[in-house]
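Results of the structural survey
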Amino acid sequence: MTLEAAFEFFADPQNLAEITPPWLHFRILEAPERAYRGARIRYRLRIKGVRVRWLTAITEWRPPHTFTDVQLSGPYRLWEHTHRLTPVAGGTEIYDHVRYRVPGGDVVDRLVVRRLLDEIFDYRRTRIAELFGD
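Residues numbered from 1 in each chain as written. Predicted model: local features only at pLDDT ≥ 70, side-chain atom pairs only at ≥ 80, totals over all residues. Heavy atoms only, no water.

1. A closer look at the layout of surface pockets
Approximately 370 Å³ is the volume found for the largest pocket. Together, 18 residues line the largest pocket, and Thr-92, Ile-94, Arg-125, Ile-128 and Ala-129 are the ones closest to its centre. Secondary-structure elements contributing two or more residues to the lining of the largest pocket are helix H1 (3-11), strand E6 (91-101) and helix H2 (105-132). Sort the elements by how many residues they give to the lining of the largest pocket and H2 lands first, with six residues. Taken together, the residues of the lining of the largest pocket sort by class into nine nonpolar, four polar and five charged. (1 Å grid on protein atoms, 1.4 Å probe; cavity = no way out; pocket = protein on both sides within 12 Å on 5 of 7 lines; lining within 4 Å. Points joined across faces, edges and corners; volume = space filled by probe spheres on them. Helix = DSSP H or I, 4+ residues; strand = E, 2+ residues; numbered from the N terminus. Nonpolar A, V, L, I, M, F, W, Y, C, P; charged D, E, K, R; others polar.)

2. Observations concerning the side chain of Asp-69
Along the chain, Asp-69 turns up in strand E4 (residues 66-73). In this structure Asp-69 is buried but unpaired, with Arg-124 as the nearest side chain of opposite charge at 6.8 Å. There is a polar contact of 3.4 Å between the side chain of Asp-69 and the side chain of Trp-79. If we skip the residues at most four places from it in the chain, Asp-69 touches Thr-56, Ala-57, Ile-58, Trp-79, Glu-80, His-81 and His-83. (Buried < 20%, exposed > 50% of the residue type's maximum accessible area, 1.4 Å probe, protein only. Lys, Arg positive; Asp, Glu negative; His and termini not counted. Salt bridge = Lys/Arg side-chain N within 4 Å of Asp/Glu carboxyl O. Polar contact = N/O pair within 3.5 Å; in protein donor to acceptor, adjacent residues only side chain to side chain. Contact = heavy atoms within 4.5 Å.)

3. Quick word on the sheet that holds strand E2 (residues 40-47)
A sheet is described by the order of its strands in space; here six strands give the open sequence E1-E2-E3-E4-E5-E6, paired in antiparallel fashion. Since the sheet does not close on itself, it has two edges, and those belong to strand E1 (27-30) and E6, each with one partner. Neighbour-to-neighbour, the strand axes of this sheet turn through a mean angle of 25 degrees, independent of strand direction. Contacting strand E3 (50-62), E4, strand E5 (78-88) and E6, H1 runs over the sheet at an angle of about 155 degrees to E5. Taken strand by strand, H2 contacts E2, E5 and E6, and its axis lies near 165 degrees from that of E6. (Pairing = 2+ DSSP bridges. Axes fitted to C-alpha atoms, helices over the stretch in contact; angles between N-to-C directions.)

4. Remarks on the packing of aromatic side chains
As enumerated under the stated definition, the model contains 12 aromatic pairs in all. Arranged with centres 5.8 Å apart and planes meeting at 85 degrees, the rings of Phe-7 and Phe-67 form a pair that is edge-to-face. One end of the pair, Phe-7, is in helix H1; the other, Phe-67, is in strand E4, and 60 residues separate them in sequence. For the pair formed by Phe-7 and Phe-67, the shared burial category is buried. (Phe/Tyr/Trp six-rings, centres within 6.5 Å; stacked < 30°, edge-to-face > 60°.)

5. Describing unusual backbone geometry
A cis geometry characterises the amide bond from Pro-63 onward to Pro-64, with omega recorded as -5 degrees. If you trace the backbone, Pro-64 turns up in the loop between E3 and E4. A positive phi angle is found at His-25, which is not glycine, with a value near 50 degrees. By secondary structure assignment, the location of His-25 is in the loop between H1 and E1.

6. Side note on the pairing of E4
E4 sits mainly inside the fold: six of its eight residues count as buried. Where E3 lies against E4, seven bridges are found, and the strand directions are antiparallel. Bridging from a neighbouring strand, Leu-55 pairs with Ser-73 of E4. As consecutive antiparallel partners, E3 and E4 are separated by three residues. Relative to E5, E4 is paired through five bridges, and the arrangement is antiparallel. Residue Thr-66 lies in a different strand from E5, and its bridge partner there is Arg-84. A loop of four residues connects E4 with E5, the two strands running antiparallel in sequence, and Gly-74 in this loop sits at a positive phi of about 160 degrees.

Nothing here speaks to function; it is all geometry.
Printed below as a string of structure tokens:
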């Protein structure tokens, strides 16, 4: 997939549901048709059976290379997710960098959250490969 095509996929907030594990019961409640700097995306999901409402904002938007979303309200004390897309031979490399803090600190992170995030991003990687090839 080309860099531009990959970025276009991520520019459509509805595609987030395509790469989110079904066991999170993810649903977008409010989003623009296309992301942009300042856009807000409101959604809900279930984490370990607990219903969570989440509001994020796109704080950085530099097509076709990078964008960042931050949590305005939700389960984390801090959530900053930067997506970087880089052209490589035969396609596009997608790199996610997440800065986060959880209520309960390092213990909760070690026992629950880090493992959960690994599962979510492993699913995302597999799903993107299914949709677009390695």
